[in-house]
Amino acid sequence: MSEDDERQQSPPSDLEFVSNKARNCNATGSGSGHPEFQSTYPDQVLENVLENVLHFLTSRRDRNAASLVCKSWYRVEALTRSELFIGNCYAVSPGRATARFTRVKALHLKGKPRFADFNLMPPDWGAHFNPWALAMAKAYPWLEKVHLKRMSVTDDDLATLAELFLGFKELVLVCCDGFGTSGLAIFVSKCRQLKVLDLIESEVSDDETDWISCFPEGESNLESLIFDCVECHINFEALDRLVARSPSLKKLKLNRYVSIGQLYRLMVRAPQLTHLGTGSFSPSDIAGQGDQEPDYVAAFAACRSLVCLSGFREIIPDYLPAIYPVCANLTSLNFSYANITADQLKPIISKCHKLQTFWVLDSICDEGLQAVAATCKDLRELRVFPVDPREDNDGPVSEVGLQAISEGCRKLQSILYFCQRMTNAAVIAMSKNCPDLVVFRLCIMGRHRPDPVTGEPMDDGFGAIVMNCKKLTRLAVSGLLTDKAFDYIGRHGKLVRTLSVAFAGDSDMALKYVLEGCPQLQKLEIRDSPFGDAALRSGLHHYYNMRFLWMSSCRLTRHGCQEIARAMPHLVVEVIRSADEEEMDDVVGTLYMYRSLEGPRTDAPKFVTIL
Amino acid sequence: MEVGRKMANMLGTDHDLNFKETELCLGLPGGIAVVAAGNETESSSSPKTNGKRGFSETVDLKLNLQSKESTMDLNKNLDDNGSKEKSGSAKDPAKPPAKAQVVGWPPVRSYRKNIMANQKNSSEESGNSGAALVKVSMDGAPYLRKVDLKMYKSYQELSDALAKMFSSFTMGNYGPQGMIDFMNESKLMDLLNSSDYVPSYEDKDGDWMLVGDVPWQMFVDSCKRLRIMKGSEAIGLAPRAMEKCKSRA
């Protein structure tokens, strides 16, 4: 589970190609090689040594630093970077990227900003993968891995990947759209070395193509097949055969069209699985009456390596006890599509002593959260999603649940909590009990809602979080908030990189505090808050250090944004119009601005104006 | 489809008027044979006696142009209707107070919202009145698509969605003539709205009709599949608003 995972994955440790070359270089460097390589220049030797050393550098931040040392280091670093991460696909052009980095094996690209997930951006805004696919086809024929997030990928792009990259091994698409099962069919049929196909929360159109049958016959190299987001029927028999001929398969996440009976058959085939997405977790409608139910408990018991369990898309809670045998080993459990009660959760969670990641629906209520707190002492990440995402006065979880978690799960690092009510006291308690918090995202669904007990704004709670959680890098605020909350953030949130604000603040001062106070700020997304042009100006010193700024339904004017655009030539300032806005309105509906080496993009749709 | 092709074959690509031929041809493929067999319901001169196919008086073989116009007119009308509908609902006074639906709030991904909504729906109803899924093919496109007609409220919405769907195809190895450049959505929209490409659909009776013929809801209920075809092949299809509406009324 990797929603907004900021950490870079370590690149494939495929140093063969590289170290051979390095060995050759050393060999020739010592004078015993070909005459033309017989180099007497000490620089050359140093560069070879540097190349050898830099291969071991995996963190992209370290690599960025290394590339700044001097020209030689810049050159060598560029030669040795095998995994290329680009956080905003419009910050740099494919041509520029492929010109600098010539030996890339893995590409990680991110497109649309996060608020696009919530329908705040009209469709067809951009983030097309196509130009990248074409550029890489020319520059990196040995490309093995592509990881995309919030990009628009077409069926043709999938065909390109499979046809033009002979050694292609891994495709991960997170929150992407624009393709369908026919594209998948072409991709899997041509991609013979495929190890990983992970489709995560992506929109896949149903072209009625049986893509599962398109995997080539014979033993497959598949290690991971994740398609739980694909909302179409699949050919189960073909899937069964595929799993049977994939001895290396470790991760399998099924979609909701796979019944529990079919799940059973797959589990029997693949007891070596470490990550399992169970599909619907309910019987198919066609199950005959009086058919003997398979021994689900035994199937789970046979999966001794299972550490990550998810799915439960249409759960019939009666079947839950089947997972008891694996609970003790689970480090990750995702019940966020399972509408279960506290009583249904308790027998499970009480066995999950090793649990580190837990995603769940608020249907379990505060009582369920108390049960989690009682057992899961090792919990690092908790996400509580709403069954009914509307603004109401009542909700099943509240400050009680948060307090309990803070007291029971002291190692908590990351929390996302949707609720209808929250008190400052509970948030303050969490700030003190969980000092390791890196990510704190609290969503009080009622807009402008104060502390129900004291009637106060939520300023003090969030203030305590930034004050006490010294490692905090990501913060999302909600509830009734005055400028004071932002003053706290500016003063104490020195490591904050991502900040999400909605329906908060009183005046421009709030945004000023943040822009002036948070030197590490990279991503700032704001909606429906009373911040205007003056506030925008206060960030001029910092915008080149940021990946992007999003402000929608605030108080910005066109000429205010124009000023910024004029002052900062390497910033792309996009004004995005919603359907009912006129082009020449001075009021800005949505501002999305980001640094870029390329200037205004050429693929902007009509509703985007680049200032 | 057979009808359309026969039309094209018989008439070639020029659009000369030829009433007689067109009258004959616009029967079902079996229609001509039926005439030959002396089926008394069939009349070669009066298309109206054949309940399913026939010209309405206003349509002749300037068909391609006229049908374009009439289709475009229909589109315009529908657009007007669409906007009227929109403004109508905006004026609707019955909307509740301040905490009405806010776009994108709470910040739950639409993906997740849809799943939860689906779960609710399937537990609430046993038999799903469900989606009106139809296949969409476009001449020259390498892939089929499927659309759920219930997702759209008007022909314009459908047309936009189709343009978006098919604009992802590149020309690939296609030659310049006869094939279109799918890459550019606005170009595609122009094409769809021009004479070169015409959206048609197969209805419950198995007839192929021009899209835009009948009121939207009737279309959704009767459409079984969609084909976006080249204009020259669409000659055989005629706007049939009057015919079908009457026969269904």
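Quick caveat, the model's predicted, so the values are computed rather than measured.

Caption draft 1: Structural view of the overall build of chain B. Each helix and strand counted, chain B has nine helices and five strands in total. Mapped from its N terminus to its C terminus, chain B presents α and β elements in the order α-α-α-α-α-β-β-α-α-β-β-α-β-α. Burial status across chain B gives 42% buried among its 249 residues. At a minimum sequence separation of 6, the contacts of chain B that also span at least 24 residues come to 59%. Here chain B displays about 13,400 Å² of accessible surface, and carbon together with sulfur accounts for 54% of that area.

Caption draft 2: How the structure looks around the UniProt feature "domain: COI1 F-box" (unreviewed entry) in chain A. Residues annotated in UniProt with the feature "domain: COI1 F-box" (unreviewed entry) correspond here to residues 43-82 of chain A. Helix makes up 72% of residues 43-82 of chain A and strand 0%, whereas the separation of the span's terminal C-alpha atoms amounts to 23 Å.

Caption draft 3: Highlighting the UniProt feature "domain: Transport inhibitor response" (unreviewed entry) in chain A. Here the UniProt-annotated "domain: Transport inhibitor response" (unreviewed entry) positions come out as residues 103-148 of chain A. Across residues 103-148 of chain A, helical content stands at 22% and strand content at 20%; the span's end C-alpha atoms are separated by 19 Å.

Caption draft 4: The arrangement of the pairing of strand β4 (residues 170-174) of chain A in detail. Residues and elements named next belong to chain A. Burial analysis of β4 places four of its five residues in the buried class, which makes it a mostly covered element. Between the parallel pair strand β3 (residues 145-149) and β4, the chain is carried across by helix α7 (residues 155-164), and the sense of this crossover is right-handed. Across five bridges, β4 lies against strand β6 (residues 196-200) in parallel orientation. Residue pairing in the sheet places Val 172 in a bridge with Asp 198 of β6.

Caption draft 5: Just helix α14 (residues 365-375) of chain A, in detail. Residues of α14 of chain A that are buried: Asp 366, Gly 368, Leu 369, Ala 371, Val 372, Ala 373 and Thr 375 of chain A. At its buried positions, α14 of chain A is contacted by α13 (342-349), β13 (357-361), β14 (381-385), α15 (399-408) and β15 (414-419) of chain A.

Caption draft 6: Up close: the sheet that holds strand β4 (residues 208-210) of chain B. Residues and elements named next belong to chain B. Strand order across the open sheet formed by five strands is β2-β1-β5-β3-β4, with mixed pairing between neighbours. Looking at strand neighbours, the two that pair on one side only are β2 (145-148) and β4, the edges of this open sheet. Taking the axes of each pair of neighbouring strands and ignoring which way they run, one obtains an average angle of 30 degrees across the sheet. Both strand β3 (residues 197-203) and strand β5 (residues 223-230) contribute to a ladder of seven bridges, which runs antiparallel. Its bridge partner being in β5, Val 198 is matched across the sheet by Met 229. Packed on one face of the sheet, helix α6 (residues 155-166) meets β1 (133-138), β2 and β5 and runs near 155 degrees to β2.

Caption draft 7: Fine view of the interface of chain A and chain B. Taken residue by residue, the interface counts 49 residues in chain A and 31 residues in chain B. Interface area for chain A against chain B, summed over the two sides, is near 3,500 Å², with a carbon-plus-sulfur share of 51%. Contact with chain B buries surface across chain A, with Phe 118, Tyr 337 and Arg 447 of chain A losing the most and accounting together for 17% of the total. Viewed at the interface, chain B and chain A are joined by three salt bridges. When the shortest N-O distance is used, the salt bridge between Arg 109 of chain B and Glu 201 of chain A registers 3.0 Å. Taken together, chain A and chain B are joined by eleven residue pairs in polar contact (both at pLDDT 80 or more). At the level of secondary structure, the elements contributing two or more residues to the side of chain A that touches chain B comprise α7, β5 (179-180), α8 (181-190), β13 and β16 (439-444) of chain A.

Caption draft 8: Broad picture of the nonpolar core. Counting 195 residues, the largest nonpolar core has Phe 129 and Phe 335 of chain A as the members making the most contacts within it. Other than its neighbours up to four places away in sequence, Phe 129 of chain A contacts Leu 107, Leu 109, Met 136, Val 146, Leu 148, Met 151, Ser 152, Val 153, Asp 157 and Leu 161 of chain A. In terms of nonpolar packing, the next biggest core, distinct from the first, is built from 25 residues, Met 138, Leu 149, Phe 166 and Val 211 of chain B among them.

Caption draft 9: Summary view of helix α17 (residues 459-468) of chain A. Residue and element names in this part refer to chain A. Extensive coverage of α17 is indicated by the burial of seven of its ten residues. Those residues of α17 that sit buried are Asp 459, Gly 461, Phe 462, Gly 463, Ala 464, Ile 465 and Val 466. Check the buried side of α17 and you find it contacts α16 (424-433), β16, β17 (474-476) and α18 (483-492).

Caption draft 10: Looking closely at the side chain of Ser 224 of chain A. Here Ser 224 of chain A lies in strand β8 (residues 224-226). If we ignore the near neighbours within four places in the chain, the residues touching Ser 224 of chain A are Lys 195, Val 196, Leu 197, Asp 198, Leu 249 and Lys 251 of chain A.

Caption draft 11: Representation of the pattern of salt bridges. Residues and elements named next belong to chain A. Summed over all chains, the structure comprises 39 salt bridges over all chains. Asp 378 is paired through a salt bridge with Lys 411; the nearest N and O atoms lie 2.8 Å apart. Here the residue Asp 378 occupies a position in the loop between α14 and β14, and Lys 411 occupies one in the loop between α15 and β15, the gap between them amounting to 33 residues. Arg 421 is the salt-bridge partner of Glu 399, the closest N and O atoms lying 2.6 Å from each other.

Scoring rules and cut-offs
- Residues numbered from 1 in each chain as written.
- Chains lettered and ligands numbered in written order.
- Predicted model: local features only at pLDDT ≥ 70, side-chain atom pairs only at ≥ 80, totals over all residues.
- Heavy atoms only, no water.
- Helix = DSSP H or I, 4+ residues; strand = E, 2+ residues; numbered from the N terminus.
- Buried < 20%, exposed > 50% of the residue type's maximum accessible area, 1.4 Å probe, protein only.
- Contact = heavy atoms within 4.5 Å.
- Areas by Shrake-Rupley, 256 points an atom, 1.4 Å probe, with all protein chains shown as cover.
- UniProt positions renumbered as here; feature names shortened; annotations may be inferred.
- Right-handed = clockwise from strand over helix to strand, strands pointing away.
- Pairing = 2+ DSSP bridges.
- Axes fitted to C-alpha atoms, helices over the stretch in contact; angles between N-to-C directions.
- Buried area = accessible area lost by both parts, 1.4 Å probe.
- Salt bridge = Lys/Arg side-chain N within 4 Å of Asp/Glu carboxyl O.
- Polar contact = N/O pair within 3.5 Å; in protein donor to acceptor, adjacent residues only side chain to side chain.
- Core = buried A, V, L, I, M, F, W, Y, C linked by side-chain atoms within 4.5 Å.

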